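Structure at a glance
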Amino acid sequence: MLEVERQRMILKRVNERSVVSVSDLMDLLDVSEATIRRDIQSLAEAGQLRRVRGGVEALHPRHSTYLAGVPFNLAESVNIPQKRAIAKAAAALVEPGEAIIINGGTTTMRLAEHIRDMEIDVLTNSFPIASLLFPKGRARITLPGGTLYPEQNIILSPFEDDAVQHFWASKLFTGAFGISRVGLMEADPLIVHATRKLLRQAERIVVLADSSKLRRQSAIIVAPLEKISTLVTDSGATEAMLEPFREAGVEVVLAEADPKADKDFSEVA
C-alpha cells in the first residue's frame, strides 16, 4: 500500500473515532509500528491531526460512542476482489425458498448483491443489506430491534427478547474480525453478544472471510471452530493457514479473486 493511501485511511479512522491508538492503526493497515509512527509524524507536521501518548487525536474530536473494529466505509474499500469472489461462491450455497440470516458486514453485503432476485426469507441486522434486497420485492426481510450503529451500519441490541429469537434459519452467513484455530473472533463485546444470538438460530454457520482475516487475532472468541460448518475464503489462503479448519471438520471453499475487480482501491496486504 502506498504512503498516501495509508495516510488517507489513517485520517479517515481518526476523524471517525476522534482518538486512535498506534496498535489499532497497525491492525487496520497490517504494517509495522515504525511505518505507522512515520505516517503519524508526517500528518502531524502537516497539521492534519494531533499526536497524543500512544496514538493520535482528531483536530475536532467527536463525542459519540463507537464499536471496536474497522468502520464499515473503511472495510468496504479493502480486499475488494477477494470479497467479490467470496460473496459469489457463498451465494451458490443459498437455495430458493430457504430462510437465512445475514450478519452485517462488507463481505456479506456483497453476498446480498448476488441473491437479491431470489425468493427467500432473510433476517439481517444490516441496513445496507436490507436496502439491497428490498427493492426487488422477492425476499421477505426481517430486521431485529435495537440501536443503529452508523460506523458499522448495523442494528444491535443488548436484550435477548427481540425478533432474532423468533426466526429460524437453515444457514447463517457471517463475516468476522478474525478467524483462526481458536475459532471465530470479534473485537467488540456487543458485536460478540449479537453474533452469538444469531448463531443459536441457524442450523449451519457459514463464515465469509478473506485470507487476511485468517492472520488476524482478537481477545474475544465468538464461537469455536466446531460450531462452524463452512469457511469461504480466497485463494490467497495457504494450506498451512487452512489446515486447522480442515482438521476441525470445517468445509473450506476457495474462491479465485480477479485482480481487475479492484481498480479504485489498493488492498491491505
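Quick caveat, the model's predicted, so the values are computed rather than measured.

**A few points about the overall build of the chain**
- Summing up its helical and strand segments, the chain has 9 helices and 15 strands in all.
- Looking at the chain residue by residue over its 269 residues, the buried ones come to 53%.
- Here the analysis covers contacts within the chain between residues at least 6 apart in sequence; of these, 64% occur between residues at least 24 apart.
- In the form shown here, the chain has an accessible surface area of approximately 12600 Å², with 51% of it arising from carbon and sulfur atoms.

**What about the pairing of strand E4 (residues 99-102)?**
- Burial along E4 is two-sided: the face carrying Ala99 and Ile101 and the face carrying Ile100 and Ile102 are both buried.
- Relative to strand E5 (residues 121-124), E4 runs parallel, the two being bridged by 4 bridges. Among the inter-strand pairings, Ala99 is bridged to a residue of E5, identified as Asp121.
- You can see the chain leave E4, run along helix H6 (residues 106-115) and come back into E5, and the turn it takes is right-handed.
- Summarising the sheet, E4 and strand E9 (residues 169-174) pair through 3 bridges and their orientation is parallel. Bridge assignment links Ile101 to a residue of E9, and that residue is Leu172.

**Details of the sheet that holds E5**
- Read from one edge to the other, the open sheet built from 7 strands follows the order E6-E5-E4-E9-E12-E14-E15, with strand pairing classed as parallel. Both outer strands of the open sheet, strand E6 (140-142) and strand E15 (251-255), are each paired with one neighbouring strand and no more. Strand-to-strand, the axes of this sheet are offset by a mean angle of 20 degrees, without reference to chain direction.
- Sheet strands in contact with helix H5 (residues 80-91) are E9, strand E12 (202-208), strand E14 (230-234) and E15, and its direction is about 145 degrees off that of E14.
- Where H6 meets the sheet, it contacts E4, E9 and E12, and its direction lies at approximately 145 degrees from that of E4.

**Looking at H6**
- Across the 10 residues of H6, 8 count as buried, placing the element largely inside the fold.
- Along H6, the residues classified as buried are Thr106, Thr107, Thr108, Met109, Arg110, Leu111, Ala112 and Ile115.

**Side note on the confidence of the model for the chain**
- Averaged over all residues, the pLDDT of the chain equals 84, while 87% of them reach at least 70.
- The low-confidence segment residues 263-269 (pLDDT under 50) makes 20 contacts with residues lying over four places distant or belonging to another chain.

**A word on the pattern of salt bridges**
- Inspection of every chain in the model, using the stated rule, returns 10 salt bridges.
- Across the salt bridge formed by Asp30 and Arg215, the nearest N and O atoms sit 3.8 Å from each other. Here Asp30, found in the loop between helix H2 (22-29) and helix H3 (33-45), pairs with Arg215, found in the loop between E12 and strand E13 (220-223); they are 185 residues apart in sequence, far enough to count as distant.
- Given a relative accessible area of 42%, Asp30 falls into the partly exposed group.
- Taking the relative accessible area as the measure of exposure, Arg215 reaches 45% and is therefore partly exposed.
- When the shortest N-O distance is used, the salt bridge between Arg138 and Glu119 registers 3.1 Å. You can see Arg138 sitting in the loop between helix H7 (127-133) and E6 and its partner Glu119 sitting in the loop between H6 and E5, a full 19 residues away along the chain.
- Classification of Arg138 by relative accessible area gives partly exposed; the value is 43%.

Cut-offs applied
- Residues numbered from 1 in each chain as written.
- Predicted model: local features only at pLDDT ≥ 70, side-chain atom pairs only at ≥ 80, totals over all residues.
- Heavy atoms only, no water.
- Helix = DSSP H or I, 4+ residues; strand = E, 2+ residues; numbered from the N terminus.
- Buried < 20%, exposed > 50% of the residue type's maximum accessible area, 1.4 Å probe, protein only.
- Contact = heavy atoms within 4.5 Å.
- Areas by Shrake-Rupley, 256 points an atom, 1.4 Å probe, with all protein chains shown as cover.
- Pairing = 2+ DSSP bridges.
- Right-handed = clockwise from strand over helix to strand, strands pointing away.
- Axes fitted to C-alpha atoms, helices over the stretch in contact; angles between N-to-C directions.
- pLDDT = per-residue confidence, 0-100.
- Salt bridge = Lys/Arg side-chain N within 4 Å of Asp/Glu carboxyl O.

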